[in-house]
Amino acid sequence: MPNTDPEALLRAPRQSGETSAVQKALNSYLDSVATLKYPATGDFLSPFLFGDWDGDGTEEAAVLYTAESGGSNVWLAILEPTSSGGWRVSQQVEGLSGEVESVSTAHLRDADSLQLLVGYDSALGDRYMAVYLYNADESLQTVNQQTYTDMLLADMTGGDDGTQDLVLALPTETQAGGINLQLLTYTGGDTFLAAQTLAVGEGNYTGCAGLHAGTGADGGTYLVVDGWTAASSNSLASTIIIYDPESGFLKTFLPPLVTDMYRATQRFDTNLLSTDIDGNGTVDIPTELTDGGTLSESLTNRLRFLLWKDYATAEGGNNIFGVYDSQYRFFLQLPESMHGNIALRANADASGWLISDLDGQTLYCELRVVDPTGDDKQDDRFRRVAVIGSQQLQARIVTEYYGLTIEDIINGVTVLS
């Protein structure tokens, strides 16, 4: 059975001796010294990539570079290993700009070969995505090149064969705004299909803030699109997209019991992107609550009551209630029985906050963020919950409450990226 894990097939960077050999072969081919181009972001931050690009069971190399003879744009070279233990350049192609924004790989064609997805940055701030397909005959195809603002790899079409599809969020150029989504999927032979461009949130969204893939009620993949709203540059809303196998197109999905997805998911913190908050494989969308409980005036700009919904069941989805700390970017899941029945106030030294009943007579727990090298770390009443940057989130239980033990707090805290 083929190995379908890209991390197992792609390892970068390699030992300096191997990358030096690849660079030497490239310089010899160019008859000049190549300037290596490092991706700015992404999983692979090296200009040298190694993987089985054509699916023949042997790893090839890829290098991102510029050369005096090649102009200002980045080039991508593919190198084959030789029988003598060296490398030779088999193909090269000119990129779309002078800077590499990111590099990804994916099983777009089959479970054996890997395709290279290179994102390019332009001096004007535009981003371009190119998808490169390397074949057994050593030919190199550019199967798609497109301006984009975000991308996601997922099995949208349900092939269940180890392959993935590419979804791109495209810039919107119409006055009505919205987000345009393009699906790139493999259709057999040498053919890739940009199945369609689906307009999402026209009149509501001004751009894409994030793409997230999860598992829907039917077991298939659904896509959650987070968009900046046209009503306010400081708010987000979300739309769910699914793939319709009968038409071969993406389409908008409206969950049961929801009449207006845009209004139901609007929130006024642009850091509150959708995520799998409970780790069960579904994407949870955050909603800010006005009835979660009471907040002391000093915390109104820092804390928010949230309800995360995954919309992944026929009954309308699962709900996760809790508190979001916008200063330190973490969410604490709380028992649903606390919804509307708790008060939050700052602790004595302003290092964190307290959860009590509404009248403040019964204190349930305290959370604080401290310097782990300071004296406060020695307070044995507190347990370490998470590390946030250079600081430590700690908690202590004051009055026991069902569903809010110290283990519940440790397991219920999610530090948001």
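Data block above holds the structure.
Residues numbered from 1 in each chain as written. Predicted model: local features only at pLDDT ≥ 70, side-chain atom pairs only at ≥ 80, totals over all residues. Heavy atoms only, no water.

(A) Structural context of the sheet that holds strand β16 (residues 236-244). Spatial strand order, β14-β15-β16-β17: four strands in an open sheet with antiparallel pairing. Among the strands making up the open sheet, the edge pair consists of β14 (205-215) and β17 (249-253). Adjacent strand axes in the sheet meet at a mean angle of 35 degrees, parallel and antiparallel pairs treated alike. Two elements, β16 and β17, share five bridges in a ladder whose sense is antiparallel. Counterpart to Y243 in the pairing with β17 is L250. (Pairing = 2+ DSSP bridges. Helix = DSSP H or I, 4+ residues; strand = E, 2+ residues; numbered from the N terminus. Axes fitted to C-alpha atoms, helices over the stretch in contact; angles between N-to-C directions.)

(B) Quick peek at the packing of aromatic side chains. This structure, assessed with the given rule, holds six aromatic pairs. With 6.1 Å between their ring centres and 55 degrees between their planes, Y205 and Y262 make a pair best called tilted. You can see Y205 sitting in strand β14 and its partner Y262 sitting in helix α3 (residues 261-264), a full 57 residues away along the chain. Side by side, Y205 and Y262 carry an identical accessibility label, which is buried. A centroid spacing of 5.1 Å and a plane angle of 70 degrees characterise the contact between Y364 and Y401, whose relative ring orientation is edge-to-face. Within this pair, whereas Y364 is found in strand β25 (residues 363-370), its partner Y401 is found in the loop between β27 (391-397) and α4 (406-412), the two being separated by 37 residues in sequence. Accessibility expressed as a relative area gives 23% for Y401, which makes it partly exposed. (Phe/Tyr/Trp six-rings, centres within 6.5 Å; stacked < 30°, edge-to-face > 60°. Buried < 20%, exposed > 50% of the residue type's maximum accessible area, 1.4 Å probe, protein only.)

(C) Summary view of the sheet that holds strand β8 (residues 127-134). The strand order across the open sheet formed by four strands is β6-β7-β8-β9, and the pairing between neighbours is antiparallel. Looking at which strands have only one partner, the edges of the open sheet turn out to be β6 (99-106) and β9 (140-147). Taking the axes of each pair of neighbouring strands and ignoring which way they run, one obtains an average angle of 20 degrees across the sheet. As defined by bridge partners, β8 adjoins β9 across seven bridges and the pair is classed as antiparallel. Its bridge partner being in β9, M129 is matched across the sheet by Q146.

(D) Spatial organisation of the side chain of D165. Mapped onto the secondary structure, D165 falls in strand β11 (residues 165-170). Put simply, D165 is tucked away with no salt bridge, and the nearest opposite charge, on R109, sits 13 Å away. In this structure the side chain of D165 is engaged in a polar contact, spanning 3.0 Å, whose partner is the backbone nitrogen of T157. What D165 contacts, discounting residues up to four positions off in sequence, is L108, L152, L153, A154, D155, M156, T157, L183, L184 and T185. (Lys, Arg positive; Asp, Glu negative; His and termini not counted. Salt bridge = Lys/Arg side-chain N within 4 Å of Asp/Glu carboxyl O. Polar contact = N/O pair within 3.5 Å; in protein donor to acceptor, adjacent residues only side chain to side chain. Contact = heavy atoms within 4.5 Å.)

(E) A look at the pattern of salt bridges. Here the structure, examined in full by the defined rule, presents ten salt bridges. Two residues, R127 and E101, come together in a salt bridge whose shortest N-O distance is 3.2 Å. Of this pair, R127 sits in strand β8 while E101 is found in strand β6, placing the two residues 26 residues apart along the sequence. Since its relative accessible area comes to 11%, E101 is described here as buried. Each member of the salt-bridge network shares a partner with another, and the members are D269, E288 and R304.

(F) Spotlight on the environment of W87. Assignment of secondary structure puts W87 in strand β5 (residues 87-94). Between the C-alpha atom of W87 and that of K24, which follows or precedes it by 63 residues, the distance is 8.7 Å. For W87, the contacting residues outside a window of four places in its chain are E18, A21, V22, A25, F50, E59, E60, A61, L79, E80, P81 and T82.

(G) Focus on the side chain of T163. Following the sequence through the fold, T163 ends up in the loop between β10 (150-154) and β11. Within the structure, T163 has its side chain in polar contact with the side chain of D161 (distance 2.5 Å). Residues contacting T163, with those up to four places away along its chain left out, are H107, L108, R109, D110, A111 and D155.

(H) Structural view of the pairing of strand β21 (residues 319-325). Of all seven residues making up β21, six are buried, and the element is well covered by its neighbours. As paired strands, strand β20 (residues 303-309) and β21 are joined by seven bridges and run antiparallel to one another. Residue L306 lies in a different strand from β21, and its bridge partner there is G322. Sheet topology places β21 next to strand β22 (residues 330-333); four bridges connect them, and they run antiparallel.

(I) How the structure looks around the environment of Y38. Within the secondary structure layout, Y38 lies in the loop between β1 (35-36) and β2 (48-51). Take Y38: its relative accessible area is 52%, and that puts it in the exposed class. Considering only alpha carbons, one finds Y38 and Q392, 354 residues apart in sequence, at a separation of 33 Å. Excluding residues that lie within four positions of it along the chain, Y38 makes contacts with L45, S46, P47 and V100.

(J) Broad picture of the pairing of strand β24 (residues 352-357). Most of β24 is tucked away, with six of its six residues classed as buried. Taken together, the five bridges between strand β23 (residues 342-346) and β24 define a ladder with antiparallel strand orientation. Bridged to A343 within β24 is S356. Connecting β23 to the antiparallel partner β24 that follows it, the hairpin turn spans five residues, and A350 within it adopts a positive phi of roughly 60 degrees. The antiparallel hairpin formed by β24 and β25 contains five residues in its connecting segment, where G360 sits at a positive phi of about 75 degrees.

(K) Structural view of unusual backbone geometry. Unusually for a residue other than glycine, E138 sits at a positive phi of about 70 degrees. Tracing the sequence through the fold places E138 in the loop between β8 and β9. The backbone of A350 shows a phi angle near 60 degrees, a positive value even though the residue is not glycine. Its place among the elements puts A350 in the loop between β23 and β24.

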